[in-house]
Every structure is written in structure tokens, then in C-alpha cells.
Amino acid sequence: MFELLPTAAARVAPYPWGVKPRAVMLIGKNRAETTLATAALYCAGARLVDSNADLVLIVDAKAARECPHGLHAPLVAIVPPGEKRKALAAGVDAAYARPATWKAYSRLVERVLAEWAPTRRGSAPRRARTS
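Residues numbered from 1 in each chain as written. Predicted model: local features only at pLDDT ≥ 70, side-chain atom pairs only at ≥ 80, totals over all residues. Heavy atoms only, no water.

### What about the side chain of aspartate 60?
Logical step 1: Here aspartate 60 shows up in the loop between strand 3 (55-58) and helix 2 (61-66).
Logical step 2: On the basis of relative accessibility, which here comes to 15%, the residue aspartate 60 falls in the buried class.
Logical step 3: Setting aside chain neighbours within four positions, we find aspartate 60 in contact with Lys29, Asn30, Ile78, Val79 and Glu83. (Helix = DSSP H or I, 4+ residues; strand = E, 2+ residues; numbered from the N terminus. Buried < 20%, exposed > 50% of the residue type's maximum accessible area, 1.4 Å probe, protein only. Contact = heavy atoms within 4.5 Å.)

This is how it looks when you write it as C-alpha cells:
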């Protein structure tokens, strides 16, 4: 009844089957800005979570001031260019200027995920099999 188009496989996130996508907690006050960030995160292959996040993405300088700091994940803000200093003063680990176009915004989100989300190299060493 339903057909799987050949282009559907190309749209799948670029992760191997055994690896979970990066968990991102999104915090924002502005609904339009949060919707834009949600779409960019889904395009980048991330999954949105409410707890146990690998990365906390803040899309508003007001939200950065009210953000709890005990989340045990890097706090990264994407804010308008004039509010980068306010976000850094609020205690985020990094602040990026929000681009005006969608393509540049989605590339920035992909770059932030690649830079700030933990990788396998950063994890604890595993004990090897001896037999």
C-alpha cells in the first residue's frame, strides 16, 4: 500500500544504526525563534529532550539569564548579534550570532552540534575482551 521512495533513505540522519542522535535541550522565550531552532535541530539529526541532554541550546538572551546552571551539559546560545555579550554575561559557555537566512542558520546549528556535543573519543575507556 505504501511505497518507500528512493529519496527517503537520503533524508535519514547520517548516524549509524547503533548510535543515538545527540540529545539537545532547547530553551527559549520567543515561540517563532524556538520553532526555527527546532526545525534546524531536526534537520541536523538531533533529538529534543527534557532531561539528560548532551547540549543545552538557548535561543534568546532573556532565557539565558533565567536558565538553570546545574544541567551538567554545555550551555550554548544562538542570539541576535547585539545580545551576544548579554548571553555571555549570563553564564553560557559560548554565544553565536544568529544569521539572517535559513541556510546559514541551519549550518550554524550543525556546526554547534559538531563542536559542543560529546563524541565517542571523549567517553571513558572501555575494558577490552581478553578471550
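### Considering the pairing of strand 4 (residues 75-79)
Logical step 1: With five of five residues buried, strand 4 lies mostly within the body of the structure.
Logical step 2: The side-chain alternation of strand 4 yields two buried faces, one formed by Leu75, Ala77 and Val79 and the other by Val76 and Ile78.
Logical step 3: Where strand 3 lies against strand 4, three bridges are found, and the strand directions are parallel. Opposite leucine 57, over in strand 4, you have valine 76 as the bridge partner.
Logical step 4: With four bridges joining them, strand 4 and strand 5 (residues 94-97) adopt parallel strand pairing. The residue bridging valine 76 from the neighbouring strand is alanine 94, located in strand 5. (Pairing = 2+ DSSP bridges.)

### Points about the environment of proline 118
Logical step 1: Locating proline 118 in the fold gives a position in the segment after helix 4 (102-116).
Logical step 2: Linking proline 118 and proline 74, residues 44 residues apart in sequence, is a C-alpha distance of 9.6 Å.
Logical step 3: Residue contacts for proline 118: discarding those within four places in its chain leaves Arg22 and Asp54.

### Considering the sheet that holds strand 3
Logical step 1: Ordered in space as 2-1-3-4-5, the five strands form an open sheet in which the pairing is parallel. The outermost strands of the open sheet, each flanked by one partner alone, are strand 2 (47-48) and strand 5.
Logical step 2: Packed on one face of the sheet, helix 1 (residues 31-44) meets strand 1 (23-27), strand 2 and strand 3 and runs near 170° to strand 1.
Logical step 3: Strands strand 1, strand 3, strand 4 and strand 5 of the sheet are contacted by helix 4, whose axis makes an angle of about 165° with strand 5. (Axes fitted to C-alpha atoms, helices over the stretch in contact; angles between N-to-C directions.)

### Digging into the pairing of strand 3
Logical step 1: Residues Leu55 and Leu57 line one face of strand 3 and the alternating positions Val56 and Ile58 line the opposite face, and both faces are buried.
Logical step 2: Both strand 1 and strand 3 contribute to a ladder of four bridges, which runs parallel. What sits directly across from methionine 25, in strand 3, is valine 56.

### Here we look at the environment of arginine 22
Logical step 1: Within the secondary structure, arginine 22 sits in the segment before strand 1.
Logical step 2: For arginine 22 and proline 118, which are 96 residues apart along the polypeptide, the C-alpha to C-alpha distance reads 8.3 Å.

### Regarding helix 1
Logical step 1: Compared with the 20 Å implied by 1.5 Å per residue over 14 residues, the 20 Å span of helix 1 between its first and last C-alpha is a close match.
Logical step 2: Among the residues of helix 1, Glu33, Thr34, Ala37, Thr38, Ala40, Leu41 and Ala44 are the ones counted as buried.
Logical step 3: Buried residues belonging to helix 1 abut strand 1, strand 2, strand 3 and helix 4.
Logical step 4: For helix 1, the N-terminal capping position is held by asparagine 30, with its side-chain oxygen 3.2 Å away from the main-chain nitrogen of alanine 32.
Logical step 5: Looking one or two residues past helix 1, glycine 45 carries a phi angle of roughly 90°, positive in sign. (Expected span 1.5 Å × (residues − 1). Polar contact = N/O pair within 3.5 Å; in protein donor to acceptor, adjacent residues only side chain to side chain.)

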